[in-house]
Amino acid sequence: MILRLVERAAVLVISLAVASVLVFGFMAVLPGDPARVALGVNASDEAVAALRQQFGLDRPLTTQYFDWLGGLLHGDFGTSYVSKVAIGPQVADRFQVTLWLVVVGMVVALVLAAPAGTVMAARHRRLSGLALSALSQLGVAIPAFLAGILLIMVFAVKLGWLPANGWTPPASDPGMFLKQLILPALSLGLVQGAVLTRYVRSAVLDVLREDYLRTARAKGLRPFPALWRHGLRNAAVPVVTVLGLQLATLLIGAVVVERVFVIPGLGSLLLDGVSNRDLLLVQDVVMVLVVAVLVVNFLVDLLYVALDPRLRVAR
Amino acid sequence: MRRWNPSLVVGLAIVGLIVVVALLSFVWTPYDATLVDPAVRLASPSWAHWFGTDKFGRDVLSQLMVGSRTTLFVGLVAVGVAAVIGVPVGVFAAMSPRWVSEVVMRGNDLLLAFPALLLAIMFGAVFGASTLTAMVAIGIATVPSFARVIRSGALQVMRTEYVLAARAAGRRPFPVALRHVLPNVTSLITVQASVSFAIAVLAEAALSFLGYGTPPPTPSWGRMLQESQEFLFSAPRLAVFPGVAIAVAVLGFNLLGDGLRDRFDPKLEDRR
C-alpha cells in the first residue's frame, strides 16, 4: 500500500516535471520572441531590447526555465509582458470561479448519472432502459457550449427565469450568484452526466453478471437491494476512473462555457491571454490546467485503492 | 456474427448523409455560401431560403452544406495524424521489452493531460489560428487514446500461437509487426478512428466557436454558432441549425463506432 503510494507520487512528480518542460519548451520555440510578440510588429528594436532585459528574456533558456519553475513552486507566476501586472493573483481569482463551475457541474453529472445508469443497466432489456440509453447517446453528442446556448434559449430567452449570462461573486450577492451559476453548471453537468451514465451502465451490467450478486438474489434479496448492498461499490471502481478523466474534460469544457456565459474564469483569462499575445500568461494558465489534471489523476489512483481493497495486496 | 446492428445502420446513414452533402456542396448549393446580400439579412425560413439567412444575408442552408466540408476535412486530417502516430507507437509499445513499453505508455499518459482543445489553443497562440493548426493539434491530442487501444490489442495478438510460431521461426520483430500484428488490429483501428472522428468534430466546433478554428469567410458550423449568439433573442433559429448539425454529426460517428465495435466483437453487443 505504502509502496504503491510512493510509486504513484514519484510518477506524479516526474510527470509534472516533464509537463513543465513541454509547456515551457513549446512556448520558447515559437517563431519570434515573446517581447516582440507582446509589443507588436511596429515596435522599435530598442523597445524590444528593453522589454527583453526587463523581463530577463535575454538570459539563457535553461536559466529562464528554472527561474519560471522556481517561481511557480513559490506561487510567483511572474509579471505579464503586456499588462505589466502580476499574474499570480489573477490566476488565483479566476481559478476559484472556474472551480465553482467544475465542482457544481460534476455534482450535477453524478446526481444524474448514478441513478440513470443503474436503472439503464437493471432494465437494459426493457423499454425504459432503452429509452434512457438513446437519451444518453444524444447527450453525449451535444457539446457543453451548445447545451449552454440551448439552455439560454429556453430558460433565459423563452421563460425568462434565469439570467442569460454574467457572474457575481458568492460573497457579494449569494442569491444572484446561485442564479447565474445554474445555467453554466447545468450545461457542463448535463453533458458530462450523459457520458458518465454510459459508464455507470456498463459497470453495473458487469457487476450484475457476477456470482456474488446471483448468490445475493438466491438468498432472496430483491434486485435493487441486492445491487445496493453488494454491487454498487464494485461498480464504483471503473466509474471513479472515468470521473477523474472527466474532471479534465470539465476543466477544458469550462473554458468554452465561460465564453458562452461571459464568466471571468480561468478559460476567459487564457483566451484573453491568447488574443493579447500575452505569452507568459498563456504559459502559466496552461501549466495550471495541466497540473490540475495530473493531480486529479493521482488522487483518482489513490481513491481506487480505498474503494477496492483487493488492489492493496495486488502489489 | 450479426452483420448489421441498429447502431451501425443509423451511424452509417448519418455519416453517409454528411458525406453526400459535403460532396454535393462542391457542385451545387442553393446560393453562394459566402454571398453577402444586405437586402435579405436575418430573413426567416422561406421557399427562397429554406433555413433563412444570417446577419449578412448569407443563406444558412448553403453555409451548412459548405460547413460540412470543413467538419469532414478537419476530422479526416486529425484522425489521420492520430492514426499515423498512434498506431506505430501502440504496436511498438506492445512488442518492446517491458520497461521500454512502460516508459512509452507513461509518456503517452502525460499527453492525455493536454486535451485537444487546450493543445489547439496553445498551437493557436504560437502559430496563429488556422484550420491547419487546429487539425494538427486535435490530431496530436487524439494520439494517446489510439496508442493505448492499439497497444492492448497488439498485446493480445502477440500472445497468439501464430505470432509465437513466426518469432520462433526466426522472423524479425518488424516483419512480424507488419504481417501478423497490424492486420489483426485493423478492426480496432477502424473503431477508434470513428470514435476519434466524433471527438475531432466536437473540438473543431468548439475551436471555431472560440474563434481559433477555421478563419472567415470559410463557413464552419462552430463559427455559425458563435455568430448566432448575438441573435439568441431575435433569431434563435440561427443557433439551432448549426447546433443540430454538430450534434447529429457527432451522434453519427459515435453510433458508427459503437456499431463497428459490436460487429467486430459480438461478445460486447449486450453491453451497449
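Criteria and thresholds
- Residues numbered from 1 in each chain as written.
- Chains lettered and ligands numbered in written order.
- Predicted model: local features only at pLDDT ≥ 70, side-chain atom pairs only at ≥ 80, totals over all residues.
- UniProt positions renumbered as here; feature names shortened; annotations may be inferred.
- Helix = DSSP H or I, 4+ residues; strand = E, 2+ residues; numbered from the N terminus.
- Contact = placed C-beta atoms within 7 Å.
- Nonpolar A, V, L, I, M, F, W, Y, C, P; charged D, E, K, R; others polar.
- Expected span 1.5 Å × (residues − 1).
- Bend = angle between axes of the 7 residues up to and from the residue.
- Axes fitted to C-alpha atoms, helices over the stretch in contact; angles between N-to-C directions.
- Parallel < 35°, antiparallel > 145°, perpendicular 65-115°, else oblique.
- Left-handed = near helix turned anticlockwise from the far one by under 90°.

Looking at an unreviewed UniProt entry, chain B carries the name ABC transporter permease, with the source organism given as Kribbella koreensis. In the Subcellular location (unreviewed entry) part of its UniProt record, chain B is described as follows: "Cell membrane". The Sequence similarities (unreviewed entry) comment attached to chain B in UniProt states, word for word, "Belongs to the binding-protein-dependent transport system permease family."

Draft legend 1. Molecular detail of the UniProt feature "transmembrane region" (unreviewed entry) in chain B. All names here are of chain B. Those residues carrying the UniProt feature "transmembrane region" (unreviewed entry) are residues 7–28, 72–95, 107–126, 132–150, 188–211 and 231–257 in this numbering. As annotated, residues 132–150 comprises 100% helix and 0% strand, and the C-alpha atoms at either end are separated by 26 Å. Secondary structure content for residues 231–257 is 78% helix and 0% strand, and the end C-alpha separation is 35 Å.

Draft legend 2. Geometry of the interface of chain B and chain A. Chain B puts 30 residues into the contact, and the matching count from chain A is 38 residues. When residues of the side of chain B that touches chain A are traced back to their parent elements, those giving at least two are α3 (98–112), α4 (116–127), α8 (186–210) and α10 (237–264) of chain B. Its residues assigned to classes, the side of chain B that touches chain A comprises 24 nonpolar, four polar and two charged.

Draft legend 3. Seen up close, helix α5 (residues 131–158) of chain B. In this model, α5 of chain B (28 residues) spans 39 Å end to end at C-alpha, consistent with the 40 Å of a helix rising 1.5 Å per residue. Of all the bends in α5 of chain B, the largest measures some 35° and sits at V143 of chain B, one to four residues before the proline P144 of chain B.

Draft legend 4. Main features of helix α5 (residues 87–122) of chain A. With 36 residues, α5 of chain A extends 51 Å from end C-alpha to end C-alpha; this agrees with the ideal 52 Å at 1.5 Å per step. In α5 of chain A, a bend of some 25° at A113 of chain A exceeds every other bend along the element, and P115 of chain A, a proline, comes one to four places later.

Draft legend 5. Spatial organisation of the packing of helix α11 (residues 266–275) of chain A against helix α12 (residues 279–307) of chain A. All names here are of chain A. It is the contact of α11 with α12, at a shortest axis distance of 8 Å, that shows an interaxial angle of 150°. Relative to α12, the element α11 lies roughly antiparallel. In this structure, α11 meets α12 at a crossing whose hand is left-handed. Together, L266, L269, L270, G273 and V274 of α11 and L281, V282, V285 and V288 of α12 make up the contact between the two elements. A breakdown of the residues in the contact of α11 with α12 according to their chemical character gives eight nonpolar, one polar and no charged.

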